[in-house]
Amino acid sequence: MDPDYSAQDVARCDLCKTAIAQSYCDFCHVNLCKPCIGEHISADYGKHIIVAILQRKSTLIYPKCQTHQNEDCKYQCKDCNISICFDCLASKHHNKEHEFVKLEEVYNTKKEHIQSDTEELENHILPFYEEIANELEMQIASLDGEYKKLTTEMSKQREEIHREVDNAMEQMEKEIGEIKMKHHSILQRHLDEIKQLQSLMQKTLLVLNKMEESNEVSKTIHFSSKNEEFSKLPPVVVASLPKFIPKQIEREELCSLIGKLTPLSTTLEERVFSPKKPNTSVRELLDEPEVFNTIKTGHAKLCSVTCLNEEQIWTSELTSDIKCLNIQGVLQKTIQTKSGDYSNDIAVDIDGALLYSDWKTSTVYKVKNYQTEEIIKLQGWRPCNLCVTSSGDLLVTMYSNDRTQSKVVRYSGSTVKQTIQFDDKGQPLYSGNNTIKYISENRNLDICVADCGAGAVVVVNQAGRLRFKYTGHPSPTKNKPFKPFGITTDSQNRILTADRDNNCIHILDTDGQFLRYIDNCDLDYPLGLCVDSYDSLFVCEFYKGNVKKIRYSK
């Protein structure tokens, strides 16, 4: 933006310095008020080009001819690759057999290339680097958990032998620490290189943006694109974690018989930049969503629903019963929670096993073939809502025992991989005054939380950085405060959340922009949501105990 004509300070006349400028001399490049125009053009009247202030800098600034110094170079010799004026073109000083082109055409072509480079760098290449950086940050964040597995395996082996192996074990633990530091150093170094390239690209973007606004011909036509250089993506760091290989215990050569650690193995794989292709399988929203089926679950207070497959769903309520029904509403089986109290939420893992969170025992359980096992046991926190990610990880919303804090934790099995609680300024991402926080992962790996206590849908990216908060959409027919409960996402990266008190569903795009309501399906106190692979929406009606299957997209 031109600092002489910003919203904070309107352009002032460059002659009198006080009056507001309404005009601009595109030849002399000065702002002019109406009274000063006559004074400015009084000398050399014919050379001045007076335009409205908003049209300033519309005239190209041509380079001066080195041979005819009073003339502007408006042509370029394609054979000599030099700029020439009309006198050069007409005189015998230049070979008339050469091919000439107007500099304005060269300028416009180069401007188009600059704009294209800017868009490609900003919209495609730079976001690719951001994904690479996020991946590396995730790897670094998960190092503690992965290396903790090694020490755990070693501890099991340690229990089988005697105290005399302690010194040897401590030596190997030190070796793990050194390998971990080396691994961390390799990943951090690679991340630093990526961020350095990102910084360079940001600087290049600033240059490109300035050049887009510039009307200097020489700088513009000599611009050289760096996008091809940036498009050569850095290699992928592929690290093979060390393994602890135990041996049968013998008394001799104790150190070697304890086992050994494989060394840290890293390789660099070539990474090829490939711009993301648009999703060609677009499912547009229907003008009028319709209820496809109503499933009577028999629950008195229905809270959660999740799809087991295309024909079966799991449901849970404010009792110990967790039911599996087919989509016609026929009961298939019933599971009782281990504590005898209600579960906070349910989910299905990638193997089809049922997962449920139990607030009373602060535990997440897994049920398969009627066998229940404890997979996560919390201390000082209570698990609330669950989501199984596309990679098979488990996301758990949880609240502190004193109900003042909330966070999201990512688990691989029972190992913590990631904790999401604060934003970049150290402020809590989620409210602490309400325990219910339904959660879902979007197809672009964003983590979406319906925070009823905050009256907001909070969306962070895979690395846990805040992307946006959605706090509702103004509507004359929705007169109660926005309180999101259930949340789910579909194949088009749309986010759907249940507005309990207004008896409707909000549909957002991947960036949190409101698309439409589902408010014509006679919903009553909607809570839990899920979608199947065909983007059919399942909605829990809390008091009626029904699950409504809704078709909302084509």
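In case you missed it, the structure is sitting above this.
Observations regarding the sheet that holds strand β3 (residues 50–52)
Within a sheet, each strand pairs with its neighbour through backbone hydrogen bonds, oriented either parallel or antiparallel. Here three strands make up an open sheet; going across it, the order is β2-β1-β3 and the pairing antiparallel. The two strands at the open ends of the sheet, each matched to only one other strand, are β2 (30–32) and β3. Ignoring which end each strand starts from, the neighbouring axes of this sheet average 35 degrees apart.

Some remarks on the environment of Glu-71
Its location among the elements puts Glu-71 in the loop between β3 and β4 (75–77). The sequence separation of Glu-71 and Asp-87 amounts to 16 residues, and the corresponding C-alpha distance is 7.9 Å. What Glu-71 contacts, discounting residues up to four positions off in sequence, is Pro-63, Lys-64, Cys-65, Cys-85 and Asp-87.

Observations concerning the pairing of strand β32 (residues 526–531)
Among the six residues that make up β32, six are buried, leaving the element largely enclosed by the rest of the structure. In this structure, β32 lies alongside strand β33 (residues 536–541), joined through four bridges in antiparallel fashion. Note that in β33 the partner of Cys-530 across the bridge is Phe-538. The turn joining β32 and β33, which pair antiparallel and follow one another in sequence, is formed by four residues; a positive phi near 60 degrees is taken by Asp-535.

Things to note about the environment of Leu-445
Take Leu-445: it is sitting in the loop between β24 (437–441) and β25 (447–451). Sequence-distant contacts of Leu-445, defined by excluding residues within four places in its chain, comprise Ser-390, Asn-461 and Gln-462.

Quick notes on the rules
Residues numbered from 1 in each chain as written. Predicted model: local features only at pLDDT ≥ 70, side-chain atom pairs only at ≥ 80, totals over all residues. Heavy atoms only, no water. Pairing = 2+ DSSP bridges. Helix = DSSP H or I, 4+ residues; strand = E, 2+ residues; numbered from the N terminus. Axes fitted to C-alpha atoms, helices over the stretch in contact; angles between N-to-C directions. Contact = heavy atoms within 4.5 Å. Buried < 20%, exposed > 50% of the residue type's maximum accessible area, 1.4 Å probe, protein only.

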